[in-house]
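Residues per chain, in single letters:
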Amino acid sequence: MASVNFMYRSTKDKSNLILRLLYRYDGTDYVFGAKTRIEVTKLYWTEQHNKRSKDIEITNQQTETNTELNKIENHVLQAFNSVNPDEVNKQWLNSQIN
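Per chain, the residues get numbers from 1 upward, laid out in the order the sequence is written. Totals for whole chains, interfaces and linings use every residue, but because this is a predicted model, local features are given only for residues with pLDDT of at least 70 and side-chain atom pairs only at 80 or more, for both listing and counting. Each side-chain value is worked out from all heavy atoms of the structure, with water and hydrogens disregarded.

**Topic: the overall build of the chain**
- A helix here means a DSSP run of H or I that spans at least four residues, while a strand means a run of E at least two residues long, and both kinds are numbered starting from the N terminus. A tally of helices and strands in the chain yields 3 helices and 3 strands.
- Only protein chains enter the calculation, and the probe is 1.4 Å; a residue is then buried if its accessible area is under 20% of its type maximum, exposed if over 50%, and partly exposed in between. Out of the 98 residues belonging to the chain, those deemed buried represent 34%.
- Throughout, a residue-residue contact means that at least one pair of heavy atoms, one from each residue, lies within 4.5 Å. Within the chain, residue pairs in contact and separated by at least 24 positions form 46% of the contacts whose partners lie at least 6 positions apart.
- Approximately 6800 Å² of the chain is accessible, and the part contributed by carbon and sulfur atoms is 44%.
- Asp and Glu count as negative and Lys and Arg as positive, but His and the ends of the chain are not part of the count. Note on charges: their place is set at NZ of Lys, CZ of Arg, CG of Asp or CD of Glu. Across the chain, the 13 positively charged side chains and the 12 negatively charged ones have centroids separated by 5 Å. Where accessible areas are quoted, they stem from the Shrake-Rupley method and a 1.4 Å probe; at the residue level, only the protein chains shown are allowed to cover.

Below is the structure:
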């Protein structure tokens, strides 16, 4: 069973989110990361993304971001389930995101 995490890994104020694919195969843990096309601000991701807000602009951004993240996560997990885990590597993950 694989899982997907999204992280903000930058020192800049605005950057793309990183997708991290984690899974275990034959008793070995594997982790692959790739940059997504979803660009957010550091303030939004760290302080506003997972919190309820009365500001409609923030709520709309949360909805848009979550929709895109769900699309990417579902696509990557479906592709992962249809391929042999031995074939998964960073290049494979990049091809699935783009």
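That covers the picture; the talk isn't over yet.
**Looking at helix α2 (residues 56-81)**
- The length a helix should cover is 1.5 Å for every residue beyond the first. Here α2 contains 26 residues, and its C-alpha end-to-end distance of 37 Å stays within 8% of the 38 Å for a straight helix at 1.5 Å per residue.
- What α2 keeps buried is the set Ile58, Gln62, Thr65, Leu69, Ile72, Val76, Ala79 and Phe80.
- For α2, the side-chain oxygen to backbone nitrogen distance between the N-cap and Glu57 is 3.2 Å, and the N-cap itself is Asp55. Polar contacts, as used here, are pairs of N or O atoms within 3.5 Å; protein pairs need one atom able to donate a hydrogen and one able to accept it. Residues neighboring in sequence count only if both atoms are side-chain atoms.

**A look at the sheet that holds strand β2 (residues 14-25)**
- Taken together, 3 strands build an open sheet; the order of strands is β1-β2-β3 and the sheet is antiparallel. If you trace the sheet from one side to the other, it starts and ends with β1 (3-7) and β3 (28-41), each paired once. Mean inter-strand twist for the sheet, computed between neighbouring axes without regard to direction, equals 20°.
- Should DSSP find at least two bridges between two strands, the strands are taken to pair. Taken together, the 5 bridges between β1 and β2 define a ladder with antiparallel strand orientation. Of the residues in β2, the one forming a bridge with Val4 is Leu21.
- The strands that α2 touches are β1, β2 and β3; relative to β1, the one it contacts most, it runs at about 145°. Here the axes come from fitting lines to C-alpha atoms, over the contacting stretch only for helices, and the angles between their N-to-C directions go from 0 to 180 degrees.

**What about the environment of Asp86?**
- With respect to the helices, strands and loops of the structure, Asp86 is situated in the loop between α2 and α3 (90-97).
- Overall, the relative accessible area of 55% leaves Asp86 in the exposed class.
- Considering only alpha carbons, one finds Asp86 and Asp26, 60 residues apart in sequence, at a separation of 10.0 Å.

**Considerations on the pairing of β2**
- Between β1 and β2, which pair antiparallel one after the other, the connecting turn spans 6 residues.
- Strand direction decides the pairing type here: β2 and β3, joined by 11 bridges, are antiparallel. Along β3, the bridge assignment pairs Ser15 with Val40.
- What sits between β2 and β3 in their antiparallel hairpin is a turn of 2 residues, with Asp26 showing a positive phi close to 55°.

**A short note on the packing of α2 against α3**
- Running from N to C, α2 and α3 cross one another at 130°; their axes reach a closest spacing of 10 Å. Accordingly, the angle class assigned to the pair α2 and α3 is oblique. Considering only the axes of α2 and α3, their crossing is right-handed. Between α2 and α3, the residues in contact are His75, Val76, Ala79 and Phe80 and Trp92, Leu93, Gln96 and Ile97, respectively.
- Charged residues are taken to be Asp, Glu, Lys and Arg, nonpolar residues to be Ala, Val, Leu, Ile, Met, Phe, Trp, Tyr, Cys and Pro, and polar residues to be all remaining types, Gly included. Residue composition of the contact of α2 with α3, grouped by class: 6 nonpolar, 2 polar and no charged. Angles below 35 degrees are treated as roughly parallel, those above 145 as roughly antiparallel, those between 65 and 115 as roughly perpendicular, and all remaining angles as oblique. Each crossing gets its hand from how the near helix is turned against the far one by less than a right angle, where anticlockwise is left-handed and clockwise is right-handed.

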